[in-house]
Amino acid sequence: MVFSFMFMEEIRPLLLLLGYQLSEPSSPHFGIWMSDNLVGKGGYAEVYRGILQDGQAIAVKRLSKSSSNERKEKEFLTEIGTLGHVCHPNVSSLLGCCIDNGLYIIFQFSSRGSVASLLHDENLPAMDWKTRFRIAVGTARGLHYLHKGCPRRIIHRDIKASNILLTANFEPQISDFGLAKWLPSQWTHHSIVPIEGTFGCSTHLAPEYFMHGVVDEKTDVFAFGVFLLEIISGKKPVDGSHQSLHSWAKPLLKQGETEELVDPRLEGAYNADQLSRLAFAASLCIRASSTWRPTMSEVTARYFNYRKRC
Ligand SMILES: Nc1ncnc2c1ncn2[C@@H]1O[C@H](COP(=O)(O)OP(=O)(O)O)[C@@H](O)[C@H]1O
Ligand SMILES: [Mg+2]
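Just so it is clear, the structure is predicted and the values come from calculations on it, not from any experiment. (Residues numbered from 1 in each chain as written. Chains lettered and ligands numbered in written order. Predicted model: local features only at pLDDT ≥ 70, side-chain atom pairs only at ≥ 80, totals over all residues.)

## Focus on the overall build of the protein
Across its full length, the protein carries 9 helices and 10 strands. Counting the 310 residues in the protein, one finds 42% classified as buried. (Helix = DSSP H or I, 4+ residues; strand = E, 2+ residues; numbered from the N terminus. Buried ≥ 20, exposed ≤ 12 C-beta atoms within 10 Å, placed from the backbone.)

This is how it looks when you write it as structure tokens:
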């Protein structure tokens, strides 16, 4: 099956709402995607690779037919609403959307797929240290921007390796804003209690979120800490051993045995200074009490001041 969309020249900050039957094949922004080009499947959507007339690759996210209930639709619309407000090199770029004949969101295509797929695919060579560090720094910057740098506070609520995508040159981009929450900027100290809707992946959930449904920026900070451990160790947050990644890593971090955390597939090829910075940041981010966790501003300034220190 072939579908088509049309894009307007300048879509920001306006979102384009066009049905595929309105598109004109002669327009330079006419695009097609094929239903057999499936590149990813998440909790409530399928993602396909498409191409515009001018050659630009796009990702088309379609609400799964099987998940057409009201809550899923709400999450889908939340994603469009939130992404319409953000613009940062480390956050997925929204190109357009379509609400005709189904719900579709159109993004720039991240050709390297997700961090999860690259990190855990045993048929691929181990991801090198430089790339891992770059992903950690870029994701921290993107998250700092969501919390502090955009017009409203945005709490992502689902930071994990399958939601961090990679561009052709391995720049990480935070994606999947279906569970995200926007807060008015004047609510500088508000947490949301209780939280409605779905919880993110339980292995990345901060204790206060898991137990009481309380969410604020520090909930994302916790998930970011788990993500750092995943990048360092190459281990999945759940691996069938019934022990979470952060409870495995905590004693090693406490005893300063950071080299024990490192992915054995790297065979010792890592930068020790960068490792100690990532491990220290992870140990602070996964603290049980949210008040003891750093903010993303602190993480980026103190531990990931990449340009200054490298
Ligand atoms: N812009 C994109 N470019 C390339 N692949 C993508 C893109 N967006 C999503 N994907 C792929 O689709 C998967 C699911 O997308 P996601 O937005 O996380 O959906 P869900 O909300 O259902 O989890 C991702 O893990 C990734 O592999
Ligand atoms: Mg996802």
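## Let's talk about the site of ligand 1
Near ligand 1 lie 22 residues; those nearest to it are Gly-40, Gly-42, Val-47, Ala-59 and Asp-176. Of all the elements in the fold, those that place two or more residues in the shell around ligand 1 are β2 (31-41), β3 (45-52) and β4 (57-63). Looking at the shell around ligand 1, you find at least three residues from each of domain 1 (3-108) and domain 2 (115-303). (Near = placed C-beta within 6 Å. Domains from an automatic or database assignment.)

## Points about the UniProt feature "binding site: ATP" (unreviewed entry) in the protein
According to UniProt, the feature "binding site: ATP" (unreviewed entry) maps to Lys-61 in the numbering used here. Relative to the helices and strands, Lys-61 resides in strand β4. When residues no more than four places from it in sequence are discounted, the contact partners of Lys-61 are Ala-45, Val-47, Tyr-104, Ile-105 and Phe-107. (UniProt positions renumbered as here; feature names shortened; annotations may be inferred. Contact = placed C-beta atoms within 7 Å.)

## Overview of unusual backbone geometry
Even without being a glycine, Arg-157 presents a positive backbone phi close to 75°. With respect to the helices, strands and loops of the structure, Arg-157 is situated in the loop between β7 (153-155) and β8 (164-166). Residue Arg-157 is classed as buried on the basis of its C-beta count, with 24 C-beta atoms lying within 10 Å. A positive phi angle, close to 65°, is found at Asp-176, a residue other than glycine. With respect to the helices and strands, the residue Asp-176 is situated in the loop between β9 (172-174) and β10 (181-183). Judged by C-beta crowding, with 27 C-beta atoms within 10 Å, Asp-176 ranks as buried.

## Points about the confidence of the model for the protein
In this model, the protein carries a mean pLDDT of 82, and residues with pLDDT of at least 70 account for 78%. Residue range residues 8-25 is modelled with pLDDT below 50. Its contacts to residues more than four positions away, or to other chains, number 37 contacts. (pLDDT = per-residue confidence, 0-100.)

## Comments concerning the nonpolar core
Ala-136, Phe-224, Leu-228, Ala-282 and Cys-285 are the most contacted members of the largest nonpolar core, which has 75 residues in total. Looking at which element gives the most residues to this core, the answer is helix α5 (residues 217-233), with 10 residues. Shared between two domains, this core takes at least three residues from each, and those domains are domain 1 (3-108) and domain 2 (115-303). Leaving out residues up to four positions away in the same chain, Cys-285 has contacts with Val-221, Phe-222, Phe-224, Gly-225, Leu-228, Arg-293, Pro-294 and Val-299. (Core = buried A, V, L, I, M, F, W, Y, C linked by C-beta atoms within 7 Å.)

## Comments concerning the packing of helix α3 (residues 129-149) against α5
The N-to-C vectors of α3 and α5 enclose an angle of 175°; their axes lie 11 Å apart at closest approach. The angle between the axes of α3 and α5 places the two elements in the roughly antiparallel class. Facing Arg-132, Ile-135, Ala-136, Thr-139, Ala-140, Leu-143 and His-147 of α3, the residues of α5 in contact are Glu-217, Asp-220, Phe-224, Phe-227, Leu-228 and Ile-231. Of the residues that constitute the contact of α3 with α5, the class distribution is 8 nonpolar, 2 polar and 3 charged. (Axes fitted to C-alpha atoms, helices over the stretch in contact; angles between N-to-C directions. Parallel < 35°, antiparallel > 145°, perpendicular 65-115°, else oblique. Nonpolar A, V, L, I, M, F, W, Y, C, P; charged D, E, K, R; others polar.)

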